[in-house]
Structure formats: C-alpha cells, structure tokens
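Tertiary structure, described
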Amino acid sequence: MAGAGVCATDLHAIEGEMEPAGLTLPVVLGHENAGHVAAVGDLVTTVSVGDAVLVCPPHTCGLCVPCRRGRDMMCEQHQFTGLTVDGGFAEYVVVSERSIVPIPPGIDPIDVAPYSDAGITAYHAVKRLAHLVVPGSTVVALGIGGVGHVGLQLLRELGSGGTVVAVDPSPQRRALAAGLGAETVLDSEGVVDEVRDLTDGRGADLVMDFVGTDQSHAAGIEMLVRGGTYSIVGFGGMVSVPSAAMVGNEITIVGNLVGSWIDLWEVLQLHARGRLTLKTETHPLESVNDVLAMLREGQITGRAVLIPDSSNGGERA
Ligand SMILES: [Zn+2]
Ligand SMILES: [Zn+2]
C-alpha cells in the first residue's frame, strides 16, 4: 500500500449502516487503494512485482451476466475491498488480478488513490447523464467534497457546454469549486431560490447530489426544471416526493453505485492527460481515527489519504 483515501462510506461503515451491503465485523476498512505490487500468484499474467497500480474495489467474477454486460457492481459473486473483505488501511491488501488498474508512468500512486472510489463513482454517475449537459442547460453539483470536486470537473469534461453551478456550505470548498471551473458557486442556504433566480425561474435541468441527506434530497428535487433529472451519488437520507409531482413534472430520479473497472481506467486516463485535479492531503496511517473525526466534522477539503510508515502528512495538490 502506498496510500488509501478516506471516504464518507467509511463513516457509514463505522456507524453500522453498511451491513445491508454485506459488511461483517471485523474488517479492515479502506477502499480507495493505490500501491505497488508486492507479490503475484502463479497464474497472474497482467501485472508484475513493482508495478504501480490502483485497486478497483468491486470484485468481479467475469462470468455472470452482469459482468458480461460490464456492470461490475452487479456481479452475482460481488465483494468489495474495504467493506466486505479487508481493505487498504494497512501495509498490504490482497486482491484479484481482475481488480488491478495500472497507473500510467510518471504518476505517484499516492496522488491518485482516491480515484479508486471518489473518481470511479463520480465518473460513472456523470458519464451516464453527460448527454443532458448541453448548451443552454444548467447543472447543479450539490456538495463539493471528495466525490463532488471530481464530479464537478467531469461535468465539464464529459458534458458539452452546460452551465455548471456548485453548491457547498463550506467557504473553503466553495473556493475549491471556483478554482476548478464552476461558473457559479453558491452557499447551501437558500439554494433553491438562488437556482430559480439564475435560471429565470425555470430550475436546473440536472442536479447531481453528492451529499445525500434529507435536506439535499428535498432541495435537489425542488430546484429541478419540469422534465429535469435528479441524480443521487451521496446517500444516507430519505427521498420523499409526491408521485403526482413526479408524473406532473416528469421528474427522473437516478441512483448511482460506484462504477465499473472501465470507469476507473477512463478517469485515470483523463487525469494522466492533465484534465483533472485531485485535491488530496496526506496523513500517516496511525492517525486514521483523527482523520475520520475530521471528515465527520467537515474539516477535510478534497480527500485525505492515509500513508503507512510515514510521519509526513501534508497538502499535495
Ligand atoms: Zn467510498
Ligand atoms: Zn460476475
């Protein structure tokens, strides 16, 4: 292990909310893993000792119907590194060859570890709706955290010219969003009215919710244009909307679950071409509990990455 990103899902796991996803204790958390191959099994052919790699967290059999459709998260033999099997908050992690994504030359694994979940998830969610990000459309990204700050950039990279609005209660994260190219940056307070004002009363064509609380769900749906699409990436709250309003306004609600190996491979190629900025800060693995507390308190801007055997934390991008 070179580094492991720390994700809000780790907090959900600690709070006992991941049992429905197959988590049983004890387990080593850590699903945003990057490092160098330390050893390989006899039948491994595509990676060698010393290779710099990301670990795609879903385990896939390659043989079931969802796997053959490229829907890795729906694999009938599904496991997930760092949730259902031991993950990367450790010196070593054991994974199948199918989970390995090679890191392009010249990139430090520590700098790209969070793509393994934050990146793959943002990419999967934006790619499937990128056709809605057309000139004249307004897209709202709710929450500019670890996933949201990547998603914001992907709305620009994969979309074709919609106006991108970023929303976050934190001034630091709003500044990050502005630096990453959001055309308008808003506080979450009063955001529904602000979005209506920005769009001459129409509303947002697409809302990407990277937060996932009762409040963000309600605001996200309320700020939609008629015929709009609300896409859920962050989770934890309850979506509540009258079916008459869904039908009358023809609203689409989309759920997103991580992504496939090819999503991770593609987002990494985009990074290698210099099209994406991943904001990370490093901390020694020993301080995992402090970092989790900071994340819970909203004190992380971008992504924290835990590094084994290191006392040198610090800001990287
Ligand atoms: Zn995660
Ligand atoms: Zn499968």
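The structure under discussion appears in the preceding block.
Quick caveat: nothing in here was measured; it's all calculated off a predicted structure. (Residues numbered from 1 in each chain as written. Chains lettered and ligands numbered in written order. Predicted model: local features only at pLDDT ≥ 70, side-chain atom pairs only at ≥ 80, totals over all residues. Heavy atoms only, no water.)

Some remarks on the coordination of the zinc ion (ligand 1)
Condition: Coordinating donors are taken as N, O and S atoms within 2.8 Å of the metal, stretched to 3.2 Å for Na, K and Ca; because water is absent from the atoms, sites can appear incomplete. Only DSSP runs of H or I reaching four residues or more are called helices, and only runs of E reaching two or more are called strands; each is numbered from the N terminus. Relative accessibility decides the category of a residue: with a 1.4 Å probe and only protein chains considered, values under 20% of the type maximum give buried, values over 50% give exposed, and everything between is partly exposed.
For the zinc ion (ligand 1), every protein donor is listed as Cys7 (SG), His31 (NE2) and Asp117 (OD), and the spread of their distances is 1.7 to 2.2 Å. Counting gaps between the donor residues of the zinc ion (ligand 1) yields the pattern C-x23-H-x85-D. Pair noted here: Cys7 is in the loop between β1 (3-5) and α1 (8-14) and His31 is in the loop between α1 and β2 (32-36), with a separation of 24 residues, a long-range link. Classification of Cys7 by relative accessible area gives buried; the value is 4%. You can call His31 buried: its relative accessible area is 1%.

What to know about the coordination of the zinc ion (ligand 2)
In an ideal octahedron of six donors the angles at the metal are 90 or 180 degrees, and in an ideal tetrahedron of four donors they are 109.5 degrees. Note the following rule: Only four donors with every angle between 85 and 135 degrees are called tetrahedral; only four or six donors with opposite donors over 155 degrees apart and all others between 65 and 115 are called square planar or octahedral, in that order; all others are irregular.
The zinc ion (ligand 2) binds to the protein through Cys61 (SG), Cys64 (SG), Cys67 (SG) and Cys75 (SG); the donor distances cover 2.3 to 2.4 Å. Around the zinc ion (ligand 2), the four donor atoms are arranged such that angles at the metal cover 102 to 118°; this shape is classified as tetrahedral. Within one chain, the residues serving as donors to the zinc ion (ligand 2) are arranged as C-x2-C-x2-C-x7-C. Cys64 sits in the buried class, given a relative accessible area of 7%.

Some words on the side chain of Asp117
How we decide: Working convention for charge: Lys and Arg count positive, Asp and Glu count negative, and His plus the chain ends are omitted. The working definition used for a salt bridge is a side-chain nitrogen of Lys or Arg within 4 Å of a carboxyl oxygen of Asp or Glu. The contact criterion used throughout is that any non-hydrogen atoms of two residues lie within 4.5 Å.
With respect to the helices and strands, the residue Asp117 is situated in the loop between α3 (109-112) and α4 (118-129). The buried charged residue Asp117 lacks any salt bridge, with Arg303 as its nearest oppositely charged partner at 4.3 Å. If sequence neighbours within four positions are ignored, Asp117 has contacts with Cys7, His31, Glu32, Phe80, Val258 and Arg303.

Concerning the pairing of strand β7 (residues 138-142)
The cut-off we apply is this: Strand pairing is assigned whenever DSSP detects at least two bridges linking the two strands. Here, the term right-handed applies to a crossover whose path from the first strand over the helix to the second runs clockwise when the strands point away from the viewer.
Most of β7 is tucked away: five of the five residues are buried. Because side chains alternate across β7, one face comprises the buried residues Thr138, Val140 and Leu142, and the other comprises Val139 and Ala141, equally buried. In this sheet, strand β8 (residues 163-167) lies alongside β7 in parallel orientation, the contact comprising five bridges. Each residue of the ladder has a partner; that of Val139, found in β8, is Val164. Each parallel crossover has a hand, and for β7 linked through helix α5 (residues 148-158) to β8 it is right-handed.

Remarks on the pairing of strand β10 (residues 204-209)
Among the six residues of β10, six are classified as buried, and the element is accordingly described as predominantly covered. Taken together, the four bridges between β7 and β10 define a ladder with parallel strand orientation. Each bridged residue has a counterpart across the sheet, and for Val139 the counterpart in β10 is Leu206. Pairing between β10 and strand β11 (residues 224-232): five bridges, direction parallel. Following the sheet pairing, Ala204 is matched in β11 by Leu224.

Some thoughts on the environment of Val65
Within the secondary structure layout, Val65 lies in helix α2 (residues 65-68). Its relative accessible area of 48% is what places Val65 among the partly exposed residues. C-alpha separation for the pair Val65 and Gly274, spaced 209 residues apart in sequence, amounts to 35 Å.

A word on the packing of α4 against α5
How we decide: The axes are straight lines fitted to the C-alpha atoms, using for helices just the contacting stretch, and the angles between their N-to-C directions are given from 0 to 180°. The scheme is simple: roughly parallel for angles under 35 degrees, roughly antiparallel for over 145, roughly perpendicular for 65 to 115, oblique for anything else. Helix crossings get a hand from a simple test, with the near helix turned counterclockwise from the far one by less than a right angle marking a left-handed crossing and a clockwise turn marking a right-handed one. We call Asp, Glu, Lys and Arg charged. Ala, Val, Leu, Ile, Met, Phe, Trp, Tyr, Cys and Pro are nonpolar, and the rest, Gly among them, are polar.
Closest axis-to-axis distance for the α4/α5 pair is 9 Å, and the angle between their directions is 40°. As the angle between them shows, α4 and α5 are arranged oblique. Seen along the crossing, α4 lies across α5 with a hand that is right-handed. Each of Gly119, Ala122, Tyr123, Val126 and Lys127 in α4 lies in contact with α5, whose residues at this interface are Val150, Gly151, Leu154, Leu155 and Leu158. Among the residues forming the contact of α4 with α5, the class breakdown is seven nonpolar, two polar and one charged.

Here we look at the pattern of salt bridges
Oppositely charged side chains may form a pair once their charged atoms are brought near each other. Counted according to the given criterion, the structure contains eight salt bridges. When the shortest N-O distance is used, the salt bridge between Arg156 and Glu157 registers 3.1 Å. Between Asp187 and Arg174 there is a salt bridge whose closest N-O contact spans 3.5 Å. Note that Asp187 is positioned in the loop between β9 (184-186) and α7 (191-198) and Arg174 in helix α6 (residues 171-179), a separation of 13 residues in sequence. Under the relative-accessibility criterion, Asp187 is labelled partly exposed at 33%. What emerges from the salt-bridge pattern is a single network uniting Arg156, Glu157 and Arg275.

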